[in-house]
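Structural overview
Chain by chain, the residues run as shown.
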Amino acid sequence: MNLSGSSATAHAFDLPTHRLRYLTWGSADRPPIVLIHGGLDNAETWEDVALRLSHKFHVFALDLRGHGDSDWSSTGDY
């Protein structure tokens, strides 16, 4: 799914205990690079950086558990 107003594409994958969302920028034929946000942020935090990197890399930015559109821990264990 392409986000409105963004060149990012949203994806998600299911783990045994929860679902995580991530965003991608750039072409899959480029070398991958993964961006991880800080404690109060989410994947969208990396938008400006990802746009600049996407000319050379396939950029992945993950919404960590309990952030952005990723699921919260069902046990509260972080």
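Residues numbered from 1 in each chain as written. Predicted model: local features only at pLDDT ≥ 70, side-chain atom pairs only at ≥ 80, totals over all residues. Heavy atoms only, no water.

Going through the model one piece at a time under the given rule, you end up with 3 salt bridges. Residue Asp-14 pairs with Arg-19 through a salt bridge whose shortest N-O separation is 2.7 Å. Residue classification places Asp-14 among the exposed residues on the basis of a relative accessible area of 55%. With a relative accessible area of 36%, Arg-19 lands in the partly exposed category. A salt bridge links Arg-21 to Asp-63; its shortest N-O distance comes to 2.7 Å. Highlighted residues: Arg-21 in strand β2 (residues 19-25) and Asp-63 in strand β4 (residues 58-63), separated in sequence by 42 residues. A residue is classified by how much of its surface remains accessible, and Arg-21, at 7% relative accessible area, is buried. Here the salt bridges share partners, and the residues they tie into one network are Arg-21, Glu-44 and Asp-63. (Salt bridge = Lys/Arg side-chain N within 4 Å of Asp/Glu carboxyl O. Buried < 20%, exposed > 50% of the residue type's maximum accessible area, 1.4 Å probe, protein only. Helix = DSSP H or I, 4+ residues; strand = E, 2+ residues; numbered from the N terminus.)

The next thing to look at is the pairing of β2. Burial analysis of β2 places 5 of its 7 residues in the buried class, the great majority of the element. Two strands pair when backbone bridges link them, and strand β1 (residues 9-14) and β2 are joined in this way by 6 bridges, in the antiparallel orientation. In the strand pairing of β2, Asp-14 is matched with Arg-19. Remark: 4 residues form the turn of the hairpin made by β1 and β2, two consecutive strands paired antiparallel. Pairing geometry for β2 and β4, over 5 bridges, is antiparallel. Within β4, the residue paired with Tyr-22 across the bridge is Leu-62. (Pairing = 2+ DSSP bridges.)

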